[in-house]
Amino acid sequence: MIVEKKETYSLISTKENSIQVFYKSFEKQVDNFKNENLILELSNFINYKKEDFLLFLEIAQEKKNNGTSFVIVNAKANIDDFPEDFNIVPTIIEAEDILEMEAIERELGF
């Protein structure tokens, strides 16, 4: 797991060959990022199933309840396969846009 601290979020990426292996490692450390916005960049070179992404759904919901954002970056994921409030985008730039929009929504009380 590779962690890069940015101004408004932490970028977490992986070179793991297995999403399950990465998820177990990430799950052990997610509390270290409790009050931070997270962007999780998953390699586009690994074939993921819908169920693999859904491993992160509970964490995404917890982050939202804590007033922070959680976005997965993967160009191969079909966003129509996931709940509307589960943020999956193809690029980091779009992930940063999601963070900004959600920060504005929180400021406005949504």
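Okay, so let's go over this structure.

Thresholds applied
Numbers given to residues run from 1 along each chain, matching the order in which its sequence is written. For a predicted model such as this one, the threshold for reporting local features is a pLDDT of at least 70, and the threshold for listing and counting side-chain atom pairs is 80 or more; totals across whole chains, interfaces and linings nevertheless cover every residue. Side-chain calculation: all heavy atoms of the structure are included, whereas hydrogens and water are not. For helices the rule is a DSSP run of H or I covering at least 4 residues; for strands it is a run of E covering at least 2, with both sets numbered from the N terminus onward. In this setup the radius of gyration rests on C-alpha atoms only. A globule is expected at 2.2 Å times the number of residues raised to 0.38. For the exposure calls, accessible area comes from a 1.4 Å probe over protein chains only, and a residue counts as buried if that area is under 20% of its type's maximum, exposed if over 50%, partly exposed in between. Residue contacts are counted whenever heavy atoms from the two residues lie within 4.5 Å of one another. One bridge is not enough; two strands pair if DSSP finds at least two bridges between them. Lines fitted to C-alpha atoms define the axes here, with helix axes fitted over just the stretch in contact, and angles between the N-to-C directions of these axes take values from 0 to 180 degrees. Here the aromatic set is Phe, Tyr and Trp, taking the six-membered ring for Trp, and pairing holds for ring centres within 6.5 Å; pairs whose planes are under 30 degrees apart are stacked, those over 60 apart are edge-to-face, and all others are tilted. The rule for a salt bridge is simple: a side-chain nitrogen of Lys or Arg has to be within 4 Å of a carboxyl oxygen of Asp or Glu.

**Let's talk about the overall build of the protein**
Along the protein, the regular secondary structure elements total four helices and five strands. Against the globule reference of 13 Å for 110 residues, the protein gives a C-alpha radius of gyration of 13 Å, in line with a compact fold. Dimensions of the protein, computed from C-alpha atoms along their principal axes, come out at roughly 40 × 30 × 25 Å. Sorting the 110 residues of the protein into buried and exposed places 40% on the buried side. Look at the contacts in the protein between residues 6 or more apart in sequence, and 63% of them connect residues 24 or more apart.

**What about the sheet that holds strand β4 (residues 70-73)?**
Pairing in this open sheet of five strands is mixed, and the strands run β1-β2-β3-β4-β5 from one edge to the other. Where the open sheet ends on each side, the last strands, each with one partner, are β1 (2-5) and β5 (87-89). Between one strand and the next, the sheet's axes are offset by a mean angle of 20°, whatever the strand orientation. Pairing geometry for β1 and strand β2 (residues 10-13), over four bridges, is antiparallel. Bridge pairing links Lys 5 to Ser 10 in β2.

**Some points on the packing of aromatic side chains**
In total, this model carries nine aromatic pairs according to the counting rule given. A ring pair is formed by Phe 53 and Phe 82, whose centres lie 5.6 Å apart and whose planes are at 75°; its orientation type is edge-to-face. A residue pair is termed long-range when its members are at least 10 positions apart, and Phe 53 in helix α2 (residues 50-54) and Phe 82 in the loop between β4 and β5 qualify at 29 residues. No difference in accessibility class separates Phe 53 from Phe 82, as the two residues are buried. Members of the aromatic cluster, connected to one another through ring pairs, are Phe 22, Tyr 23, Phe 26, Phe 56 and Phe 70.

**Here we look at the pattern of salt bridges**
Applying the stated criterion to the full structure yields two salt bridges. Measuring nitrogen to oxygen at the nearest pair gives 3.4 Å for the salt bridge that ties Lys 6 to Glu 4. For Lys 6, a relative accessible area of 37% translates into the label partly exposed. Classification of Glu 4 as partly exposed rests on a relative accessible area of 35%.

**Observations concerning the pairing of β4**
With burial as the criterion, each face of β4 is covered, one bearing Phe 70 and Ile 72 and the other bearing Val 71 and Val 73. Here four bridges tie strand β3 (residues 38-41) to β4, and the two strands are oriented parallel to one another. Residue pairing across strands places Ile 39 opposite Val 71, the latter belonging to β4. Sheet topology places β4 next to β5; three bridges connect them, and they run parallel. Residue pairing for β5: Val 71 is matched across the bridge by Asn 87.

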